[in-house]
Amino acid sequence: MNPYVLTILLSSLGLGTTLTFTSSHWLLAWMGLEVNTLAILPLMAQHHHPRAVEATTKYFLTQATAAAMILFASTTNAWLIGEWDINNLSHPLATTVAIAALALKIGLAPVHFWMPEVLQGLDLLTGLILSTWQKLAPFALIMQLAPAIDPVLLTMLGLTSTLVGGWGGLNQTQLRKILAYSSIAHMGWMIVILQYAPQLTLLALGTYIFMTSAAFLTLKLSSTTKIGTLTMAWSKSPIMVATTALVLLSLGGLPPLTGFMPKWLILQELAKQGLPLTATVMALAALLSLYFYLRLCYAMTLTMYPNTISSITPWRTRSTQLTLPLALTTTIALGLLPITPGILLMAS
């Protein structure tokens, strides 16, 4: 892609998200979401592969539907109450339609079906943008809407997403689909705690972005998209395989890695709020996700590809990818647990 065009598209991505972040009027927020969607479509379709075009079409249709629903919710609220302000969305019909639209935007269950299919058709870097940056603008709106939404609805959305994200990834062999279900499960963790401790939602979102970035960048560096290909990675780059296994375990939420921190604090907060049953279901759903991360770790570290000749290192070209972002995200994804008290102090 032409570097000037790429610069314009990436700038538009940043502009759309910033516009939604800074808006207090529904029309401005909707405009930011639209700019965001239209900027990523050419990035998704740039390879002109049938799968990429199919994924782009699916993404466009779902995002356009969600944007239309947001417009419908905000105009309904303006008609019934006379308010366009985001914080004054108070009519039950408008709030329900708005949260359904935003759930569709970020891929929460039960409106998650587009997410694995779209991610599967994209290259890894565009998939990384879709899994991280594209979640920020809708999430900002969800956080502003949270006080007006029925707590039971938010809890049900969160629980459904963690369970679907766990179950859905169990039988997958495609790494992008596994990461899509991982994203759905993590979104569930963020939504379930949103009404009780929004600062924990932000913490979970931050750690999720770093862990997912580390996972995607590693797969990009090793040009891996299937579990079968992972088994060849150890002979090419043993150190990267070791850190990747740890990043995947961090995504699963195992101590003493960074991914354990948000899960631990969210379960603690749910218990404090008198919701032991919700906390138990969330913890059990995390076990489902942990299983498919362990599958990936097993494939990478404990199995050998049948055709691998272990006597000599296979010839390969040197990668042109920058490894500094990968090193930074991996370090953050593995080592933040000891500073949990400091992060809590800053959050409070």
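Rules of the game
Residues numbered from 1 in each chain as written. Predicted model: local features only at pLDDT ≥ 70, side-chain atom pairs only at ≥ 80, totals over all residues. Heavy atoms only, no water. Helix = DSSP H or I, 4+ residues; strand = E, 2+ residues; numbered from the N terminus. Rg over C-alpha atoms; globule rule 2.2 N^0.38 Å. Buried < 20%, exposed > 50% of the residue type's maximum accessible area, 1.4 Å probe, protein only. Contact = heavy atoms within 4.5 Å. Areas by Shrake-Rupley, 256 points an atom, 1.4 Å probe, with all protein chains shown as cover. Lys, Arg positive; Asp, Glu negative; His and termini not counted. Charge placed at Lys NZ, Arg CZ, Asp CG, Glu CD. UniProt positions renumbered as here; feature names shortened; annotations may be inferred. Axes fitted to C-alpha atoms, helices over the stretch in contact; angles between N-to-C directions. Parallel < 35°, antiparallel > 145°, perpendicular 65-115°, else oblique. Left-handed = near helix turned anticlockwise from the far one by under 90°. Nonpolar A, V, L, I, M, F, W, Y, C, P; charged D, E, K, R; others polar. Domains from an automatic or database assignment. Buried area = accessible area lost by both parts, 1.4 Å probe. Salt bridge = Lys/Arg side-chain N within 4 Å of Asp/Glu carboxyl O. Polar contact = N/O pair within 3.5 Å; in protein donor to acceptor, adjacent residues only side chain to side chain.

1. Section: the overall build of the protein
Now for step 1: The helix and strand tally for the protein stands at 17 helices and zero strands.
Now for step 2: In terms of overall dimensions, the protein is globule-like: its C-alpha atoms have a radius of gyration of 20 Å, near the 20 Å expected for 348 residues.
Now for step 3: Residues classed as buried in the protein amount to 51% of the 348 residues present.
Now for step 4: Considering only contacts within the protein whose residues lie at least 6 apart along the sequence, 79% involve residues at least 24 apart.
Now for step 5: As displayed, the protein offers around 15700 Å² of accessible surface, 71% of which is attributable to carbon and sulfur atoms.
Now for step 6: Measuring between centres, the 14 positive side-chain charges of the protein sit 21 Å from its 8 negative side-chain charges.

2. A short note on the UniProt feature "domain: NADH:quinone oxidoreductase/Mrp antiporter transmembrane" (unreviewed entry) in the protein
Now for step 1: On the UniProt side, "domain: NADH:quinone oxidoreductase/Mrp antiporter transmembrane" (unreviewed entry) is annotated at positions that read residues 23–288 here.
Now for step 2: Split by type, residues 23–288 is 77% helix and 0% strand. Its first and last C-alpha atoms lie 38 Å apart.

3. A word on the packing of helix α9 (residues 175–193) against helix α15 (residues 276–301)
How two helices pack is summed up by the angle between their axes together with the distance between the axes.
Now for step 1: For the pair α9 and α15, the least separation of the axes is 11 Å and the interaxial angle reads 160 degrees. Of the possible angle classes, the one that applies to α9 and α15 is roughly antiparallel. The hand of the α9/α15 crossing is left-handed. Residues L175, I178, S182, A185, H186, G188, W189 and V192 of α9 lie in contact with α15, whose contacting residues are T278, M282, A283, A286, S289, F292, Y293 and L296.
Now for step 2: Across the contact of α9 with α15, the residue classes break down as eleven nonpolar, five polar and no charged.

4. Considering the domain arrangement of the protein
Now for step 1: In terms of domains, the protein is made up of domain 1 (1–148) and domain 2 (150–308 + 322–343).
Now for step 2: Its C-alpha centre places domain 1 at a distance of 23 Å from the equivalent point of domain 2.
Now for step 3: On the side of domain 2, 34 residues touch domain 1, which itself brings 26 residues to the contact.
Now for step 4: Carbon and sulfur atoms supply 81% of the area that domain 1 and domain 2 bury against each other, a total of about 2700 Å² over both sides.
Now for step 5: The largest per-residue losses of area from domain 1 upon contact with domain 2 belong to Q120, L124 and F139, which jointly make up 25% of the total buried on that side.
Now for step 6: If you look at where domain 1 meets domain 2, you find one salt bridge.
Now for step 7: Residue K177 is joined to E117 by a salt bridge in which the shortest nitrogen-to-oxygen separation is 3.4 Å.
Now for step 8: Taken together, domain 1 and domain 2 are joined by seven residue pairs in polar contact (both at pLDDT 80 or more).
Now for step 9: Those elements giving two or more residues to the side of domain 1 that touches domain 2 turn out to be α4 (92–106), α5 (114–120), α6 (124–131) and α7 (133–145).

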